[in-house]
Amino acid sequence: MDKQSTTITRRVWAFLNRDVRSFFPSNASPAEVSETHTAYTSRPIATCSSVDLRHLRVIEYRRALLNWRDAYIYELNNTASSRKAGFANSIDKELRNRSLRRKLFARPANEVLKSEFDYVIRSPLSTIAERATTSLQKIVIGWGVEHRVPSNVIHSFIDPSLTCIATVKFTPNKKTEILTTIDAKVIQRLVEAYSTHLCRLTDELKDKELK
Amino acid sequence: MITQILFEVPALFEAGLKSGAISQIGGLLKDTATGQILAHLQESSLAHSLIGNAMLGAASPVNLALQAGSIIPTAYTAIQVTQLKSMMSTLQSLQIATLGVSLVGVGVSVAGFVYMHKRFNSLDNRIDTLIDTVNTGFENQQKASLRAHMSQVKGLVQLAKQAESLSSPDKEYSRVADSLADQASFFEGEIEFVSRSSQKINLEIFWQLAQVLMVCNSVRIDCRMRTNELLNAQTIAESAAADYQRLFGPLTPVSFDARPSDGAIASETIKDITDAASTKPYLIDYLRTMGVNGREYIQTLEGEVERPLLMLKVN
């Protein structure tokens, strides 16, 4: 037999002579288990500071962002609520001023109300969102963050032609329906879209590195 | 090593705060120009005996807005009213808008386990009623689990309260702190569940759960302070701050099923809480590096009978 086959034979013989109990972990012989022993000794506790003073600026910066976000979201919601009442008054006025012919041949509500809606609600909300963006850019610059806040993404395209009330005739008995539909399908969605945008901007910026 | 813990009165820093030379972040004051920490705001046990009753009755953060006279119970003595007004005016001068910071602990919470136990009982009762009466989206199994965890926290706070009577309380404090870590994780999960719902968040349910989480973390830190495990107390405080940032950061004034003005107060309170929690590790780090004994520090604050809020000046 050559040297290599002798070694293989010895290994096979050694394997066959293994105590079968050693296949079970609970009966492992000392030679087959790990020799590692963990010493549970108390270790000296570091007494040097482990906090980063620069992180205090991060806390302040994040608070500034959250304050900005919350202030504008609050303003958007408040404005939407107050403007809704104003829009309802506009509808009343428009209904009162209808000529007899227009009362008889009522036009679709969206055609009558679109420009008033844009003026009373859509435009003020858009202005707040634009103001929020400008204000955020100032905050970002003030904190030395290299980031350009996009200013062109907040023009909302949510139902620009008020198609949600296109099938509703502009008549006094439809006033509640018009208001409810516009509120649910346009105003709330507009506020939500702007608010989500502000939240997204905050999320994008909160982890930016400060100079 | 500090042999005697010296505190200053917050009023000493008012002029600097007004001029802008000093700025406040959470529970600390720093030099605006250099960024160096000047002092840490620290409550004494008097703070809790003064506002404790008002806190126990706080069904929502709206009750914690710092409006003059809003929380002064009629049963208070003239001295207590003066102390409470002074405390609120100090917080206002520090530009802290809500008493939310007191819930998370201004500095290291020294509310004491007796107060924590009382506060917890109040939360327990309220949550019990709320999950039955309000449509919270909790399934029956989840309600049962919530009740079981409430009971466990109650038992643990009770153990912490009684630990002082043991000949060697350190082991018990450690055990309580360990077990409360699991409970804190559970309540974090519940808050996430409530917050993730597509509907508006029920403010009262959210608020009660958030308070239980804060009780768990405050008691954990308190236990570690008492066993003088300041590095561990600091680690817990850091992790709690990160959790609050993650859980509370996305909440805005309109996240809740409340009036926008109430939602605005709630979000302000939550931000104050997050900031106070974020600066707590800095205080514990300072105590640790100065060699202050955690147990003695808490005892000093427990012995304070005149001033509810103190400043630990950084040398």
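The numbering scheme is per chain: residues are counted from 1 as the chain's sequence reads. Whichever chain is written first becomes A and whichever ligand is written first becomes 1, with later ones labelled in order. Given that this is a predicted model, residues contribute local features only at a pLDDT of at least 70 and side-chain atom pairs are listed and counted only at 80 or more, while totals for whole chains, interfaces and linings are drawn from all residues. Based on all heavy atoms of the structure, the side-chain values leave hydrogens and waters out of the count.

Colleague: It is not clear to me how the sheet that holds strand S2 (residues 22-25) of chain B should be interpreted in this structure. Could you clarify?
Modeller: Two orientations exist for strands paired in a sheet by backbone hydrogen bonds: parallel and antiparallel. All names here are of chain B. Reading across from one edge, S1-S5-S4-S3-S2 is the order of the five strands in this open sheet, with antiparallel pairing throughout. With one partner strand each, in any of the chains shown, strand S1 (7-8) and S2 form the two edges of the open sheet. Relative to strand S5 (residues 309-313), S1 runs antiparallel, the two being bridged by two bridges. Across the sheet, Glu8 pairs through a bridge with Met311, a residue of S5. If DSSP finds at least two bridges between two strands, the strands pair. A helix here means a DSSP run of H or I that spans at least four residues, while a strand means a run of E at least two residues long, and both kinds are numbered starting from the N terminus.

Colleague: Which parts of the structure should I look at to understand the confidence of the model for chain B?
Modeller: Any segment with low pLDDT has predicted coordinates that should not be analysed in fine detail. Residue and element names in this part refer to chain B. The predictor's confidence in any single residue is recorded as pLDDT, a number from 0 to 100. Chain-level statistics for chain B give a pLDDT mean of 83 and a share of 83% at 70 or above. Ranking the helices and strands of chain B by mean pLDDT puts helix H9 (residues 230-248) first, with 96, and helix H4 (residues 100-104) last, with 63. For this predicted complex, the interface confidence score (ipTM) comes to 0.85, while the overall pTM stands at 0.81.

Colleague: Teacher, can you tell me more about the nonpolar core here?
Modeller: Generally speaking, a soluble globular protein has its nonpolar side chains buried in company with each other. To define a nonpolar core, start from buried Ala, Val, Leu, Ile, Met, Phe, Trp, Tyr and Cys residues and group those joined through side-chain atoms within 4.5 Å. Three labels apply to residues, based on accessible area from a 1.4 Å probe with only protein chains included: buried if under 20% of the type maximum, exposed if over 50%, partly exposed otherwise in between. In this structure, Phe187, Phe206, Val219 and Phe248 of chain B are the most contacted members of the largest nonpolar core, which totals 48 residues. Taken together, the elements giving at least two residues each to this core come down to helix H5 (112-133), helix H6 (140-163), helix H7 (170-196), helix H8 (203-226), H9 and helix H10 (260-289) of chain B. Here this core takes 13 residues from H8 of chain B, the largest share from any one element. By size, the runner-up hydrophobic cluster in this structure holds 42 residues, among which are Tyr61, Leu76, Ala80 and Leu205 of chain A.

Colleague: How should I be thinking about helix H3 (residues 78-93) of chain B in this particular structure?
Modeller: An α-helical segment advances 3.6 residues per turn. Residues three or four places apart therefore align on the same side. Residue and element names in this part refer to chain B. The terminal C-alpha atoms of H3, which comprises 16 residues, lie 22 Å apart, in line with the 22 Å expected from a rise of 1.5 Å per residue. Here H3 has its buried residues at Gln83, Leu84, Met87, Met88, Thr90 and Leu91. Take H3 and look down its axis: the buried residues cluster within an arc of 155 degrees, on one side only. Of the exposed residues in H3, those oriented more than 90 degrees away from the buried face are Ala78, Thr82 and Lys85. Here, expected helix span is obtained from the residue count minus one, scaled by 1.5 Å. Here, the arc refers to the directions that run from the helix axis to the C-beta atoms.

Colleague: Looking at this structure, how should I read the side chain of Gln183 of chain B?
Modeller: Residue and element names in this part refer to chain B. Counting through the fold element by element, Gln183 comes out in helix H7. Since its relative accessible area comes to 5%, Gln183 is described here as buried. Whenever two N or O atoms come within 3.5 Å, that pair is a polar contact, provided that in protein one can donate a hydrogen and the other can accept it, and provided that, for residues adjacent in sequence, both atoms are side-chain atoms. Polar side-chain contacts of Gln183 include one of 2.7 Å to the side chain of His149. With sequence-adjacent residues up to four places away left out, Gln183 is seen in contact with His149, Gln152, Val153, Leu156 and Cys216. Contacts are assigned to residue pairs with any non-hydrogen atoms lying within 4.5 Å of each other.

Colleague: Looking at this structure, how should I read a nonpolar patch on the surface?
Modeller: Residue and element names in this part refer to chain A. Patch criteria: residues need more than 30% relative accessible area and no salt bridge. Like-charged residues are merged within 9 Å; nonpolar side chains of Val, Leu, Ile, Met, Phe, Trp and Tyr are merged within 5 Å. Accessibility throughout is a Shrake-Rupley quantity obtained with a 1.4 Å probe, and a residue counts as covered only by protein chains that appear here. Salt bridge, as used here: a side-chain nitrogen of Lys or Arg that lies within 4 Å of a carboxyl oxygen of Asp or Glu. Together, Leu100, Leu104 and Phe105 give the surface a local cluster of nonpolar side chains, amounting to about 400 Å² of exposed area. In this fold, Leu104 is placed in helix H3 (residues 100-104). For Leu104, a relative accessible area of 61% translates into the label exposed.

Colleague: Would you mind showing me how to read the packing of aromatic side chains here?
Modeller: The geometry of an aromatic ring pair comes down to the distance between the two centres and the angle between the two planes. All names here are of chain B. In this scheme Phe, Tyr and Trp rings, the latter by its six-membered ring, pair at centre separations within 6.5 Å, and the angle between planes marks the pair as stacked below 30 degrees, edge-to-face above 60, and tilted otherwise. Under the counting rule described, the total for this entry stands at seven aromatic pairs over all chains. Ring geometry for Phe206 and Phe248: centres 5.8 Å apart, planes at 75 degrees, overall edge-to-face. Of this pair, Phe206 sits in helix H8 while Phe248 sits in helix H9, and the two are 42 residues apart along the sequence. Among the residues examined, Phe248 registers a relative accessible area of 3% and is labelled buried. Members of the aromatic cluster, connected to one another through ring pairs, are Phe206, Tyr244, Phe248 and Phe256.

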